[in-house]
Every structure is written in structure tokens, then in C-alpha cells.
Amino acid sequence: MQTSFYAWLVKKIIPYIRFTTYYTSMRGWKYHQVYDAIQPGDIILTTDKRKLTTFLIPGEWAHAAVCVSKNKTFEVAEMTHTDYTKSTIADVCFEADRVRVLRGKFSPAYRTRFINKCKSFEGVPYDDQFELGIKALSCSELVWASDTEGVLGLSLKDVAGLGRDYISPTGIAKAKNVDFVIDSSNLVERVVT
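The structure contained in this document is the topic of the report that follows. Owing to the predicted nature of the structure, the values given are computational and were not obtained by experimental measurement.

## Topic: the sheet that holds strand S4 (residues 83-87)
Hydrogen bonds between backbone atoms are what pair the strands of a sheet, whose relative direction is either parallel or antiparallel.
So, point 1. Pairing is antiparallel across the open sheet formed by six strands, whose spatial order is S4-S3-S2-S1-S5-S6. Whereas interior strands pair on both sides, the edge strands pair on one side only; in this sheet they are S4 and strand S6 (178-183). Between one strand and the next, the sheet's axes are offset by a mean angle of 30 degrees, whatever the strand orientation.
So, point 2. Two strands pair when backbone bridges link them, and strand S2 (residues 63-67) and strand S3 (residues 76-80) are joined in this way by two bridges, in the antiparallel orientation. Residue pairing for S3: Cys 67 is matched across the bridge by Val 76.
So, point 3. Against the sheet, helix H5 (residues 108-119) touches strand S1 (43-47), S2, S3, S4 and strand S5 (98-104), its axis set at about 120 degrees to S2.

See below:
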């Protein structure tokens, strides 16, 4: 993990490998239900069953992000191979087969601080070493570092087998102080008459 070859693979090759040339299975009607349910301050977990990174990241979830607004321009802060990334909810949904939204048990004031802290990491590079800290952040570390008071009760269990504390998307899914909002795998298409 310490070599420049490894860093090159993590940033320039692995993120682009999908075992199909076809789209994800996310459908527009699912996206609209997720968009209706999500609120700023919510945590987004995703997986794409055909993407190489899903096979490399242990656990049920492969990516984590934070909804920071619903302004249709910069709605989601995430750490990707391109570093701190400003995305929309649609970007995140349509790059996944499955999306789950969790809501931290935050006071309104803390929710605002959580969002502002998350936005403050703009310009931070991606952490390809997966070392806890804020000089570089992985997707899950962005959530962890934004929760400055530890309200979420995140698990730092070493599910990746790195031999040190590590926060993973699946660790976020198992946080003690989050409420389930929506999961695209459980949705039923609404019939409009």
C-alpha cells in the first residue's frame, strides 16, 4: 500500500473497472423515492454489484457520502478517486445498484454543524492508505470526521483486516445512533393513475 504503483492503481485504474458495459440497475422511479426521502445531513451508503471496488471493500456497502443540501447543484459531499467531490443525489444514485439513506440522531443545531464540517473538507485529497485522520480522507472517513462529537456512535471495527482502527461504509451502517430512512432495494414502484 505504500508504493506509487498502488496509489496509481487506486486512483487511476480500479475505480473505472466494472464487469459490464451496461448501466447500473438503479431506475428513475427508485431515485425519485430516494430524493423525496433524503434530507440535508443524511448519510448515503451505496453499492454497485458489478464494480471492482465492491469486491475489494469488505462488507455489505462499498461507498459512503453525506447529503449537504437539496439545491440540485452541490447536494452530496463525497470522497472519491478524484478527491473531495461535489455531486448531486442523482450522481450518487445512478452510479449504484443499491442506495440506503441513514439519518443521524442529531439535534437541528448539530445537524447544521455536521454539514458545515463536511463542507469544510473541500480540497482534502482521497486517503488511499485508509489511515484515520483528516489530512486525507476516504469516503467513510469523511462521515467520521464530520461527526466531531461522535454522536453517530460509529464502529471502528477492523472489517478490512488492516490491523488498525478503520471506518468502513458497513461500519457506518452499524452505527448506534442512526435511523433508517430508505433503501432502494425495498422500494415498490408506485402506480400512478
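## A closer look at the pattern of salt bridges
So, point 1. Following the criterion strictly, the structure yields twelve salt bridges and no others.
So, point 2. Here Arg 98 and Glu 60 are joined by a salt bridge, their closest N and O atoms 2.8 Å apart. Within this pair, whereas Arg 98 is found in strand S5, its partner Glu 60 is found in the loop between helix H3 (52-56) and S2, the two being separated by 38 residues in sequence.
So, point 3. Judged by its relative accessible area of 43%, Glu 60 falls in the partly exposed class.
So, point 4. Here Asp 183 ties to Arg 100 by a salt bridge, and the two come within 2.9 Å at their closest N and O atoms. Taken together, the positions of Asp 183 in strand S6 and Arg 100 in strand S5 put the pair 83 residues apart, joining distant regions of the chain.

Cut-offs used in this document
- Residues numbered from 1 in each chain as written.
- Predicted model: local features only at pLDDT ≥ 70, side-chain atom pairs only at ≥ 80, totals over all residues.
- Heavy atoms only, no water.
- Pairing = 2+ DSSP bridges.
- Helix = DSSP H or I, 4+ residues; strand = E, 2+ residues; numbered from the N terminus.
- Axes fitted to C-alpha atoms, helices over the stretch in contact; angles between N-to-C directions.
- Contact = heavy atoms within 4.5 Å.
- Salt bridge = Lys/Arg side-chain N within 4 Å of Asp/Glu carboxyl O.
- Buried < 20%, exposed > 50% of the residue type's maximum accessible area, 1.4 Å probe, protein only.

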